[in-house]
Amino acid sequence: MTQDELKKAVAQAAVEYILPKLESDTIVGIGTGSTANFFIDFLAEHKALFDGAVASSDVSAERLKKHGIPVYDLNSVDQLAVYVDGADESNAKLQLIKGGGAALTREKIVTASADEFVCIADQSKWVKTLGAFPLPVEVIPMARAYVARELIKLGGDPVHRRGCITDNGGEILDVHGLNIEDAPGLEAAINQIVGVVSNGLFARRPADVLLLATETGVQTLRA
């Protein structure tokens with residue numbers, strides 16, 4: 001199977017997973033990226049079953065609206081039953097690296113607001129140790145050089161993602177060369193650097209469920 005076929009398979013599996021949770025007043029949190037896009041497209045077939053969605057990026061919000069799915073501001077929502085999003089890496093504890101699409105901060109906010117976080121990924125994202133994928137860190141623009149120096153002290157090699165401005169007006173440093181054994185500890189340490197908005201480690205709040213597309217089918221994994 002091609003990678004796109006795997007992504008479509010896991011996106012369809014995610015729709016089937018959340019269908020029993022959908023009610024007329026349910027609002028679904030939806031992430032960002034190519035796998036999330038497939039999920040949005042498949043979910044649209046069932047839009048009559050739920051109220052609407054909260055999106056983690058402007059791009060996802062526009063895709064939802066094109067399907068006729070109402071999009072809500074998170075500040076106007078009391079509860080998200082479930083949040084569905086992809087990942088750039090996942091380990092066996094369902095700790096993730098996210099942010100390849102530069103939406104990590106809003107993804108973290110929506111994740112924190114959801115009762116259940118369902119991660120959808122293909123088998124290429126499964127790793128023993130996080131860090132082969134460069135860790136995205138969103139920073140306040142004026143703090144970029146300072147934050148980069150501090151990230152070097154933590155053992156990383158930060159590279160400015162030129163031309164990338166997040167939906168929040170931030171910039172992204174992609175941190176190479178990390179071998180992340182203590183993901184919650186590193187997540188907390190990076191967040192303590194002045195000028196950091198957030199980083200792409202989802203370890204203090206990992207996924208509750210990982211739907212992983214493989215050549216032999218979609219596996220359902222829990223930490």
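Residues numbered from 1 in each chain as written. Predicted model: local features only at pLDDT ≥ 70, side-chain atom pairs only at ≥ 80, totals over all residues. Heavy atoms only, no water.

Draft legend 1. Local environment of the layout of surface pockets. There is about 290 Å³ of room inside the largest pocket. Tallying contributions element by element places helix α4 (residues 104-113) first for the lining of the largest pocket, with three residues. Grouping the amino acids of the lining of the largest pocket by side-chain chemistry returns eight nonpolar, three polar and three charged. Looking at the second largest pocket, its volume works out to about 200 Å³. If you go around the second largest pocket, you meet 18 residues; those closest to its centre are T32, G33, S34, A87 and D88. For the lining of the second largest pocket, the elements supplying multiple residues, two or more each, are α2 (34-43) and β6 (117-122). With three residues, the single largest contributor to the lining of the second largest pocket is α2. Of the residues assigned to the lining of the second largest pocket, the class counts are four nonpolar, eight polar and six charged. (1 Å grid on protein atoms, 1.4 Å probe; cavity = no way out; pocket = protein on both sides within 12 Å on 5 of 7 lines; lining within 4 Å. Points joined across faces, edges and corners; volume = space filled by probe spheres on them. Helix = DSSP H or I, 4+ residues; strand = E, 2+ residues; numbered from the N terminus. Nonpolar A, V, L, I, M, F, W, Y, C, P; charged D, E, K, R; others polar.)

Draft legend 2. Region of the structure containing the pairing of strand β7 (residues 135-139). Among the five residues that make up β7, five are buried, leaving the element largely enclosed by the rest of the structure. Burial along β7 is two-sided: L135, V137 and V139 facing one way and P136 and E138 facing the other are all buried. (Buried < 20%, exposed > 50% of the residue type's maximum accessible area, 1.4 Å probe, protein only.)

Draft legend 3. Representation of the sheet that holds strand β1 (residues 27-30). Here six strands make up an open sheet; going across it, the order is β2-β1-β3-β6-β12-β13 and the pairing mixed. Sheet topology places β2 (52-55) and β13 (217-221) at the edges, where each strand pairs with a single neighbour. Neighbour to neighbour, the strand axes of the sheet diverge by 25° on average, direction disregarded. Of the pairings in the sheet, the one linking β6 to strand β12 (residues 209-214) comprises five bridges and is parallel in character. Looking at β12, one finds that V118 is bridged to V209. Contacting β1, β3 (82-85), β6, β12 and β13, helix α1 (residues 3-18) runs over the sheet at an angle of about 145° to β12. Its contacts with the sheet put α4 on β1, β2, β3 and β6, and the angle it makes with β3 is roughly 150°. (Pairing = 2+ DSSP bridges. Axes fitted to C-alpha atoms, helices over the stretch in contact; angles between N-to-C directions. Contact = heavy atoms within 4.5 Å.)

Draft legend 4. Structural detail: the environment of D88. Note that D88 resides in the loop between β3 and β4 (89-90). For the pair D88 and V127, spaced 39 residues apart in sequence, the C-alpha to C-alpha distance is 10.0 Å. Setting aside chain neighbours within four positions, we find D88 in contact with I97, K98, G99, G100, K125 and F133. Within the structure, D88 has its side chain in polar contact with the backbone nitrogen of G99 (distance 3.2 Å). (Polar contact = N/O pair within 3.5 Å; in protein donor to acceptor, adjacent residues only side chain to side chain.)

Draft legend 5. Broad picture of unusual backbone geometry. Despite not being glycine, L94 shows a phi value in the positive range, around 60°. Relative to the elements of secondary structure, L94 occurs in the loop between β4 and β5 (96-97). One non-glycine residue, A102, adopts positive backbone phi at about 70°. Topologically, A102 is positioned in the loop between β5 and α4.

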